[in-house]
Amino acid sequence: MRVLFVTPECAPLVKAGGLGDVSASLPLALRRLGHEVDVLLPGYSDALAKVGALQDEERCAHLGFEARLRRAEALLFLDCAPLYARGGGPYQDPGGHDWPDNALRFGFLSRVAADLGARYDVVHCNDWPAALTPAFAHAEKTLLTIHNLAFQGNYEPSWLARLGLSDAMFTMERLEFHGRVSFLKAGLVYSATLNTVSPTYAREIQSPEHGCGLDGLLRARASALTGILNGIDADVWDPARDPHLAARYNIEDLQAKARNKQQLQRRLNLEVNADCPLLGFVGRLTHQKGADLIAAAAAELVGLNSQLAVLGRGERDIEAALSAVAARHPGRVAVAIAFDEPLAHLIEAGADVFLMPSRFEPCGLNQMYSQRYGTPPVARATGGLVDTVIDGETGFLFERAEGSALAAAVRRALAVWREPGRWREIQRAGMQRDFSWRGAARQYADLYSRLAKARVS
Ligand code: ADP
């Protein structure tokens with residue numbers, strides 16, 4: 001199959017979260033199965049500067065902009081300086097505010113993807129920034145993957161004309177959503193096939209509780225919607241080979257893990273003490289990730305004689321609450337407000353327990369990394385966390401999205417941690433699991449063939 005994979009992120013060039021990792025690993029795994037996959041992404045200036053030689057391809061002009069497609073192997077960059085040559089992140093300016101022209105930046109990406117789609121068997125769109133593609137063209141060969149239903153790309157109706165879409169599309173059956181133009185809804189309506197990144201989340205989003213207002217539409221499209229669990233990049237996330245660690249280790253020999261704990265404690269100015277259980281968290285400091293629950297439970301967690309290491313960036317009030325907790329508990333709680341890939345690896349390796357108290361979680365990657373690193377997760381029983389953590393065997397699950405429920409689950413984990421023999425079993429059971437992309441890539445390839453077959457028949 002020839003596949004055009006359309007995405008706003010691709011690690012390590014540009015990554016705001018899990019989609020960046022997926023956009024790097026999944027195309028690679030599909031190529032290993034013999035498929036040809038081109039990845040189309042905006043030509044952010046930072047990303048272009050990071051890749052080496054670029055080969056100029058054709059020019060394209062749409063919506064009043066001219067762009068040049070530039071290729072670095074299988075990566076196709078949409079180089080359009082007025083839209084993508086700026087500092088900051090893929091979606092936000094350096095101050096953390098959404099770029100005011102995001103509708104145009106990603107509308108343009110989708111418009112060009114729709115043009116290029118003619119040359120491919122499948123157009124695989126990812127999340128709202130690519131979701132307008134099938135509204136322009138090639139709906140019958142489009143797969144839309146929902147990585148997070150909460151990000152929808154909803155804009156004022158005046159954007160409709162600016163994006164070159166007809167007024168006739170502005171109805172409740174198509175892309176109108178509460179009086180606005182919704183990129184994600186367009187993708188959900190027009191794409192021939194839909195999937196999300198775990199079986200549990202695929203079910204959850206069909207309910208009002210997790211449906212973000214789109215559950216009715218998702219129920220109507222249930223026969224086109226599946227859940228495929230993300231994999232992880234087992235080369236990048238391998239404690240036996242990870243260059244960011246103070247010491248490398250494997251399932252046979254977990255001794256060296258302790259050196260990473262020591263290094264992490266030193267690096268974050270925590271008391272260097274092997275007997276203090278160290279709880280780690282890496283991720284967006286948002287309500288979704290339950291980062292506020294960590295702040296709420298912090299005093300209780302510290303009371304369990306444990307230490308807490310938090311790395312992330314996100315909502316200002318949560319950042320502030322966590323920083324205040326750190327200030328109250330010097331040497332016991334450390335909070336790094338940053339995006340720091342090497343530190344993320346060190347936390348996965350150096351912590352004893354990994355926290356993932358998400359309110360909802362489409363798939364989640366960190367709980368898979370942590371199992372691979374012998375750092376059992378304490379996670380909320382939601383979405384992909386249910387599908388990847390086996391309670392009592394590879395980690396610990398809890399139900400209620402409350403600080404006290406998180407603390408109770410940590411208590412349960414630490415009771416086992418104090419029995420080294422049993423803890424080793426849990427560590428080993430997690431480390432043995434196969435979270436590689438192989439299985440997921442096959443399932444995506446199956447969806448692609450079904451799409452192709454449906455078109456022929
Ligand atoms: P998301 O909902 O943010 O996509 P995932 O768990 O699917 O959550 O993926 C998050 C990815 O981003 C992981 O690879 C995680 O390690 C990484 N990440 C998140 N925040 C940070 C940070 N502050 N520093 C380094 N890596 C981070």
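So, how was this worked out
Residues numbered from 1 in each chain as written. Predicted model: local features only at pLDDT ≥ 70, side-chain atom pairs only at ≥ 80, totals over all residues. Heavy atoms only, no water. Helix = DSSP H or I, 4+ residues; strand = E, 2+ residues; numbered from the N terminus. Rg over C-alpha atoms; globule rule 2.2 N^0.38 Å. Buried < 20%, exposed > 50% of the residue type's maximum accessible area, 1.4 Å probe, protein only. Contact = heavy atoms within 4.5 Å. Areas by Shrake-Rupley, 256 points an atom, 1.4 Å probe, with all protein chains shown as cover. Lys, Arg positive; Asp, Glu negative; His and termini not counted. Salt bridge = Lys/Arg side-chain N within 4 Å of Asp/Glu carboxyl O. Core = buried A, V, L, I, M, F, W, Y, C linked by side-chain atoms within 4.5 Å. Domains from an automatic or database assignment. Buried area = accessible area lost by both parts, 1.4 Å probe. Pairing = 2+ DSSP bridges. Right-handed = clockwise from strand over helix to strand, strands pointing away. Phe/Tyr/Trp six-rings, centres within 6.5 Å; stacked < 30°, edge-to-face > 60°. Lys NZ or Arg CZ within 6 Å of the ring centre and 35° of its normal.

## Some points on the overall build of the chain
Consideration 1: In terms of regular secondary structure, the chain is built from 19 helices and 18 strands.
Consideration 2: In terms of overall size, the chain behaves like a compact globule, its C-alpha atoms giving a radius of gyration of 22 Å where 457 residues would be expected to give roughly 23 Å.
Consideration 3: Seen through its C-alpha atoms, the chain measures out along the principal axes to roughly 65 × 45 × 40 Å.
Consideration 4: By the burial criterion, 60% of the 457 residues in the chain qualify as buried.
Consideration 5: Across the chain, the fraction of contacts at a sequence separation of at least 24, relative to all contacts at a separation of at least 6, is 66%.
Consideration 6: With the model as given, the accessible surface of the chain reaches about 17700 Å², and the carbon-plus-sulfur share is 50%.

## Considerations on unusual backbone geometry
Consideration 1: Here the bond from Ala-11 into Pro-12 is cis, since omega is 0°, no more than 30 degrees from zero.
Consideration 2: Here Pro-12 is to be found in the loop between β1 (2–6) and α1 (18–32).
Consideration 3: If you check the backbone angles, Asp-127 has positive phi at about 65° while not being a glycine.
Consideration 4: Residue class for Asp-127 comes out buried when judged on its relative accessible area of 9%.
Consideration 5: One non-glycine residue, Asn-305, adopts positive backbone phi at about 70°.
Consideration 6: Residue class for Asn-305 comes out partly exposed when judged on its relative accessible area of 41%.

## A closer look at the side chain of Arg-332
Consideration 1: As for its placement among the helices and strands, Arg-332 is situated in the loop between α13 (316–328) and β15 (333–337).
Consideration 2: Despite its burial, Arg-332 pairs with no opposite charge; the closest candidate is Glu-271, at 4.9 Å N-O.
Consideration 3: If sequence neighbours within four positions are ignored, Arg-332 has contacts with Leu-270, Glu-271, Cys-276, Val-302, Asn-305, Ser-306, Gln-307 and Leu-308.

## So, the nonpolar core
Consideration 1: Ranked by internal contacts, the top residues of the largest apolar core, which has 102 residues, are Leu-40, Leu-78 and Phe-108.
Consideration 2: Of the residues that make up this core, three or more belong to each of domain 1 (2–231 + 438–456) and domain 2 (257–431).
Consideration 3: Discounting residues that sit within four places of it in the chain, Leu-78 has contacts with Leu-40, Leu-41, Pro-42, Gly-43, Cys-60, Ala-67, Arg-68, Leu-69, Tyr-84, Phe-108, Leu-109 and Val-112.
Consideration 4: Grouped together as the second largest cluster of nonpolar side chains are 35 residues, Leu-279, Leu-304, Ile-318 and Leu-355 included.

## Quick notes on the domain arrangement of the chain
Consideration 1: By the assigned domains, the chain splits into domain 1 (2–231 + 438–456) and domain 2 (257–431).
Consideration 2: Taking only C-alpha atoms, the centre of domain 1 and the centre of domain 2 are 31 Å apart.
Consideration 3: Each partner contributes to the roughly 1300 Å² buried at the junction of domain 1 and domain 2, and carbon and sulfur atoms together form 58% of this total.
Consideration 4: Contact with domain 2 buries surface across domain 1, with Lys-15, Thr-200 and Leu-229 losing the most and accounting together for 27% of the total.
Consideration 5: Across the domain 1-domain 2 interface, the total number found is 1 salt bridge.
Consideration 6: Of the charged contacts, one joins Lys-15 and Glu-341 as a salt bridge, the two residues approaching to 3.5 Å between their closest N and O atoms.

## Examining the pairing of β15
Two faces, one strand: in a regular strand the side chains alternate between the faces of the sheet.
Consideration 1: Sheet analysis places strand β14 (residues 307–312) next to β15, joined by 5 bridges and oriented parallel. Its bridge partner being in β15, Leu-311 is matched across the sheet by Ala-336.
Consideration 2: The parallel pair β14 and β15, bridged by α13, forms a crossover whose chirality is right-handed.

## Regarding the packing of aromatic side chains
Consideration 1: As enumerated under the stated definition, the model contains 10 aromatic pairs in all.
Consideration 2: Ring geometry for Trp-237 versus Tyr-373: centroids 6.1 Å apart, planes at 65°, classification edge-to-face. Of the two residues, Trp-237 sits in the loop between β12 (225–227) and α11 (257–267) while Tyr-373 sits in the loop between α15 (366–372) and β17 (377–380), which places them 136 residues apart along the sequence.
Consideration 3: Given a relative accessible area of 3%, Trp-237 falls into the buried group.
Consideration 4: Judged by its relative accessible area of 0%, Tyr-373 is buried.
Consideration 5: Summarising the aromatic geometry, the rings of Phe-396 and Trp-423 are spaced 6.3 Å apart at their centres and angled 10° between planes, so their arrangement reads as stacked. In this pair, Phe-396 is assigned in strand β18 (residues 396–398) and Trp-423 in helix α18 (residues 420–431), connecting sequence segments 27 residues apart. The pair formed by Phe-396 and Trp-423 is uniform in burial state, with each residue classed as buried.
Consideration 6: Positioned above the aromatic ring of Tyr-120 is the side chain of Arg-2, whose terminal nitrogen or guanidinium carbon lies 4.8 Å from the ring centre.
Consideration 7: A cation over a ring is seen here: Arg-111 above Phe-136, with NZ or CZ 5.0 Å from the ring centre.

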